[in-house]
Amino acid sequence: MSFITNLFRKKNVADAIATAEHESETGAGLSKSLGVWDLTAFGIAAIIGAGIFSTIGTASYNGGPGVVFLFIFTAVACGFAAFAYAEFASLLPVSGSAYTYSYVAFGEFIAWIIGWALIMEYAVGNIVVAVSWSGYFTSLCDSVGWHIPAWAQTDYSTAHTGYNEAKAILAEGKTAADFTQRQIESLAAWEGAPMMGGLRMILDMPAILMSLLITALVYIGIKESRNAGNIMVVIKMAIVLMVIIVGVFYVDTDNWTPFLPHGFGGVMAGVSSVFFAYIGFDAISTTAEECKNPQRDLPKAMVYSIVICTVLYIIIALVLTGMVSYEQLNVNDPLAFVFEKIGMKWFSGIIAVSAVVAMAGVFLVFQLGQPRIWMTMSRDGLLPARFSHIHPRYQTPDFATLMTAVFVIVPMLFISSDLVLDLCSMGTLFAFVLVCGGVLKLQVTPNAPQGKFKTPYIDGKIIFPIMVLGAAAMCMYYSPEATKDWLQFKDGVHQIPMLLFAVVCVLLAVWSFQYNLSLIPTLGLICCLYMMAQIPSKSWLGFFIWLAIGLVIYFGYGHKHSKLNKA
């Protein structure tokens, strides 16, 4: 077998299921204790978090009240992807999520790439969540008179950057009155930090402690994690409903005019922030081996969680932009901010408590997801066997769980959270694209295995090519100058993501006509790829650097030790 052929060797569905069943029968498997509402609660716990309590503010500032269209678009894209996930989950009721699905559809090399991207999604995503959680927690502590020193509530990189910016402002002859709030906090952190061996001890203690506590909860068992997650969901849902019920009485419809102040471009500027609010639903699929009936319950839970959360997001966005002008919402705590603006500071305190609970719930689900990705990759021989070891008492992947904590806490010490939001969205969207592509691949593969759940089939033979031609015609009619500049490649390297998107659209239009491709997974792939193309090109560079590191590990260890290679 040639080297290239070896790269695309595929996992057999029956073998994947048999391996998981063998682990369970020998007592080395995971505990099966999750039902459909437990899974739905996990999905809501992952989706209702930093997005609704933090990033929705920036998205509303960029898009105005029309940001609801971005929530709808993102939900539709995730819904299309959810059908693809559900189909694979029905076919392969084992841990591994998009990694395992890609192994069956595309082969080992693509599976490794997506598995490595998922590691970035969960680890990087949890850095963002942990730092956001710390911000709400420290604000809450300040409100009750317990002040955490500035050096103990930020990371080294942010403090150093802010300190240098502040010194540069002073060097220009300006005063501290010209500092931003972040620069004030960074200066205080840098100058007040204790020294140890010539190094300033600057670290986000609340974020680190929360990471350790949640990891400990995930380590001791899925039942304990389920119970904690369900409690968090009840609390956060109660607060979100309270915000809607109370806030609707303070809505001024004049604030909804103009509805699209910055046009469609302004709406799409918040794509990373809004998509980050949805990425948790795919974490449900990583718990497949811990479900009582995964083939029935996983598809339902994915759809339920997306629908429930989308309705809440749209209503919250309308309430926020109705209570105050969208121009005031570029803040880290928009829900608390709008109630302070209307003189209900006591209610903003309740929201702060809810945010602490909500984002801890998101962190919990993400910390559940990543160890199970590593566990599955280890079972396949692509990572050392230690990663697939199951604790005999707790029935959880113990070593993988501990390593997940390391991957979150260590980067948190020196990487600014501002740098990682786009990377998290990139990794997730990439996974969605490949899962949708995997469903299309199975559709055109003769005698492909079938699960109990099938994505509703709508023939895209004519519909999708017409949609592509219609979109191109609209671009040329409504934005002739912008389209002309794009065709002339005037944006240079920054245009490459959209160029890739256009090429894939054309190829899928041809293949849809040729192979009668199913419309839903095709639209899922295109919607997710479009959102990827809206992320700045510098983040694409960071994503490719991460993939390059992964390829070094794969060719240095995984390719040789793969169980398919030994077979």
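Note that the structure is a prediction, hence the values are computed from the model and not measured. (Residues numbered from 1 in each chain as written. Predicted model: local features only at pLDDT ≥ 70, side-chain atom pairs only at ≥ 80, totals over all residues. Heavy atoms only, no water.)

Details of the overall build of the chain
- Helix and strand counts for the chain stand at 24 helices and 2 strands.
- Every one of the 567 residues in the chain was classed for burial, and the buried ones make up 57%.
- Counting contacts in the chain only where the partners sit at least 6 residues apart, residues at least 24 apart contribute 84% of the total. (Helix = DSSP H or I, 4+ residues; strand = E, 2+ residues; numbered from the N terminus. Buried < 20%, exposed > 50% of the residue type's maximum accessible area, 1.4 Å probe, protein only. Contact = heavy atoms within 4.5 Å.)

Observations concerning the packing of aromatic side chains
- The full count for this structure, using the stated rule, is 22 aromatic pairs.
- Three or more aromatic residues joined by ring pairs form one cluster here, namely Phe8, Phe109, Trp112, Trp116, Trp546, Tyr554 and Phe555. (Phe/Tyr/Trp six-rings, centres within 6.5 Å; stacked < 30°, edge-to-face > 60°.)

What to know about unusual backbone geometry
- In the segment running from threonine 257 into proline 258, the intervening peptide bond is cis, with an omega of 0°.
- Residue position: proline 258 is located in the loop between α11 (222-247) and α12 (263-268).
- Despite not being glycine, asparagine 516 has its phi angle at roughly 55°, a positive value.
- Position of asparagine 516 among the secondary structure elements: in the loop between α21 (496-515) and α22 (519-533).

Quick word on the pattern of salt bridges
- By the definition in use, this model includes 3 salt bridges.
- A salt bridge links arginine 9 to glutamate 108; the shortest N-O distance between them is 2.8 Å. Taken as a pair, arginine 9 in the loop between α1 (3-7) and α2 (13-25) and glutamate 108 in helix α7 (residues 108-143) lie far apart in primary sequence, 99 residues in all. For the pair arginine 9 and glutamate 108, one class covers both residues: buried. (Salt bridge = Lys/Arg side-chain N within 4 Å of Asp/Glu carboxyl O.)

Observations concerning the layout of surface pockets
- Taken as a whole, the second largest pocket holds about 1,600 Å³ of empty space.
- Along its surface, the second largest pocket is lined by 39 residues, and Ala471, Cys475, Met498, Phe501 and Tyr530 are the ones closest to its centre.
- Of all the secondary structure elements, the ones that give two or more residues to the lining of the second largest pocket are α12, α19 (463-478), α20 (480-487), α21 and α22.
- Broken down by element, the lining of the second largest pocket gets its largest block of residues, 10 residues, from α19.
- Tallied by class, residues from the lining of the second largest pocket come to 30 nonpolar, 8 polar and 1 charged. (1 Å grid on protein atoms, 1.4 Å probe; cavity = no way out; pocket = protein on both sides within 12 Å on 5 of 7 lines; lining within 4 Å. Points joined across faces, edges and corners; volume = space filled by probe spheres on them. Nonpolar A, V, L, I, M, F, W, Y, C, P; charged D, E, K, R; others polar.)

Let's talk about α19
- In this model, α19 (16 residues) spans 22 Å end to end at C-alpha, consistent with the 22 Å of a helix rising 1.5 Å per residue.
- Restricting attention to buried positions, one finds in α19 the residues Phe464, Pro465 and Val468. Down the axis of α19, the sector holding all buried residues measures 115°, keeping them to one side. Structural note: α19 exposes Ile466, Met474, Tyr477 and Tyr478 on the side pointing more than 90 degrees away from its buried face.
- Where α19 is buried, its residues contact α21 and α22. (Expected span 1.5 Å × (residues − 1). Arc of directions from axis to C-beta.)

Quick word on a nonpolar patch on the surface
- A cluster of nonpolar side chains, Val444, Phe489, Ile496, Leu499, Val503, Val506, Leu507, Val510, Trp511 and Tyr515, forms an exposed patch at the surface whose accessible area comes to about 850 Å².
- Element by element, the count of residues in the nonpolar patch is highest for α21, at 8 residues.
- Note that valine 510 resides in helix α21.
- Of the residues examined, valine 510 reaches a relative accessible area of 46% and is grouped as partly exposed. (Patch = residues over 30% accessible without salt bridge, like charges linked within 9 Å, V, L, I, M, F, W, Y side chains within 5 Å. Areas by Shrake-Rupley, 256 points an atom, 1.4 Å probe, with all protein chains shown as cover.)

Some words on the confidence of the model for the chain
- Per-residue confidence for the chain gives a mean pLDDT of 80, with 88% of residues at or over 70.
- Summarising per-element confidence for the chain, the mean pLDDT is lowest in α2 (64) and highest in α21 (91). (pLDDT = per-residue confidence, 0-100.)

Regarding the side chain of glutamate 108
- Accessibility expressed as a relative area gives 0% for glutamate 108, which makes it buried.
- Not counting residues up to four positions away in its chain, the partners in contact with glutamate 108 are Leu7, Phe8, Arg9, Tyr103, Leu382, Tyr554, His559, Ser562 and Leu564.

Quick word on the packing of helix α10 (residues 205-220) against helix α16 (residues 345-379)
- Across the interface, α10 lies against α16 with an axial gap of 10 Å and an inter-helix angle of 55°. Here α10 lies oblique to α16, going by the angle between them. Between α10 and α16 the crossing geometry is right-handed. Across the interface between the two elements, Met210, Ser211, Ile214, Thr215, Leu217 and Val218 from α10 touch Ala360, Phe363, Leu364, Gln367 and Leu368 from α16.
- Grouping the constituent residues of the contact of α10 with α16 by class yields 8 nonpolar, 3 polar and no charged. (Axes fitted to C-alpha atoms, helices over the stretch in contact; angles between N-to-C directions. Parallel < 35°, antiparallel > 145°, perpendicular 65-115°, else oblique. Left-handed = near helix turned anticlockwise from the far one by under 90°.)

Some words on the environment of glutamate 165
- Secondary-structure assignment places glutamate 165 in helix α8 (residues 156-171).
- Given the relative accessible area of 27%, glutamate 165 is considered partly exposed.
- Sequence separation between glutamate 165 and glutamine 183 is 18 residues; the distance between their C-alpha atoms is 7.0 Å.
- Contact partners of glutamate 165, with chain neighbours within four places excluded, come to Arg182 and Gln183.

Thoughts on the environment of alanine 352
- Residue placement: alanine 352 occurs in helix α16.
- By relative accessible area, which is 10% here, alanine 352 ends up buried.
- If near-sequence neighbours (up to four positions away) are discounted, alanine 352 is found in contact with Tyr136 and Leu140.

Quick look at the side chain of serine 388
- Within the secondary structure, serine 388 is located in the loop between α16 and α17 (398-412).
- Overall, serine 388 belongs to the buried group, its relative accessible area being 18%.
- Apart from residues lying up to four places away in sequence, serine 388 is in contact with Met375, Ser378 and Arg379.

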